[in-house]
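Listed below, chain by chain, are the residues.
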Amino acid sequence: MIARGAVSARAVRRRRATMAMVARSGAMDLEATKARLVAERATHAHQRDVLSRRDRHMSGAANHTVVEIDRALARIDDGTYGQCEWCGQEISEARLEALPSAALCITCQGKQERRT
Ligand SMILES: [Zn+2]
């Protein structure tokens, strides 16, 4: 019984955290973020198409960015934008401001960079 109580308390806390995040992302102006991502995506998609004929490495990097931006746009639509894909913690607004397509919080990003 004690264990089950602990689990549901954790579930409630998680639900509260999600609600707080939704409230905060409302203040963050997701529409503006989305517009910025769409504009960046167009730039990178164009670069990818121009570069694909002469520089495969650069074109691959541009394509990678396009994919990241698509994923960020999908997260805006499904309401998980701003949440780290690895640990589920909120990504700081400063980080999202600097890199709107960020999928990982700064801690997880550091871990990923050390791994690769
Ligand atoms: Zn994280």
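K.L.:
What exactly am I supposed to notice about the overall build of the protein chain here?
P.N.:
Looking only at helices and strands, the protein chain has 5 helices and 0 strands in total. For the protein chain, the sequential pattern of α-helices and β-strands runs α-α-α-α-α. In the protein chain, which comprises 116 residues, the proportion classed as buried is 26%. Of the roughly 8100 Å² of accessible surface on the protein chain, 55% is carried by carbon and sulfur atoms.

K.L.:
Sorry if this is basic, but what is going on with the pattern of salt bridges here?
P.N.:
Between side chains of opposite charge, a pair can form as their charged atoms come close. Scanning all chains against the criterion turns up 8 salt bridges. In this structure, the salt-bridge partner of Arg-71 is Glu-68, at a minimum N-O distance of 3.6 Å. Residue Arg-71 and its partner Glu-68 are both found in helix H3 (residues 56-78); the two are separated by 3 residues, about one turn of the helix. Taking relative accessible area as the criterion, Arg-71 reaches 36% and is therefore assigned partly exposed. For Glu-85, the salt bridge identified is with Arg-75, shortest N-O distance 2.9 Å. Linking Glu-85 in the loop between H3 and helix H4 (93-98) with Arg-75 in helix H3, this pair joins segments that are 10 residues apart in sequence. Take Glu-85: its relative accessible area is 39%, and that puts it in the partly exposed class. Among the charged side chains, a salt-bridge network with shared partners connects Glu-68, Arg-71, Arg-75 and Glu-85.

Quick notes on the rules
Per chain, residue numbering runs from 1 following the sequence as it is written. Given that the model is predicted, a residue must reach a pLDDT of at least 70 before its local features are reported, and side-chain atom pairs must reach 80 or more before they are shown or counted; all residues, however, enter totals for whole chains, interfaces and linings. With hydrogens and water excluded, all non-hydrogen atoms of the structure serve as input to the side-chain values. Secondary structure elements are taken from DSSP: a helix is a run of H or I of four residues or more, a strand is a run of E of two residues or more, and numbering for both begins at the N terminus. A simple rule labels every residue: compare its accessible area, found with a 1.4 Å probe on the protein chains alone, to the largest value its type can have, and call it buried under 20%, exposed over 50%, or partly exposed in between. A 1.4 Å probe and the Shrake-Rupley method give the accessible areas. Residues count as covered only by the protein chains that appear here. We define a salt bridge as a side-chain nitrogen of Lys or Arg found within 4 Å of a carboxyl oxygen belonging to Asp or Glu.

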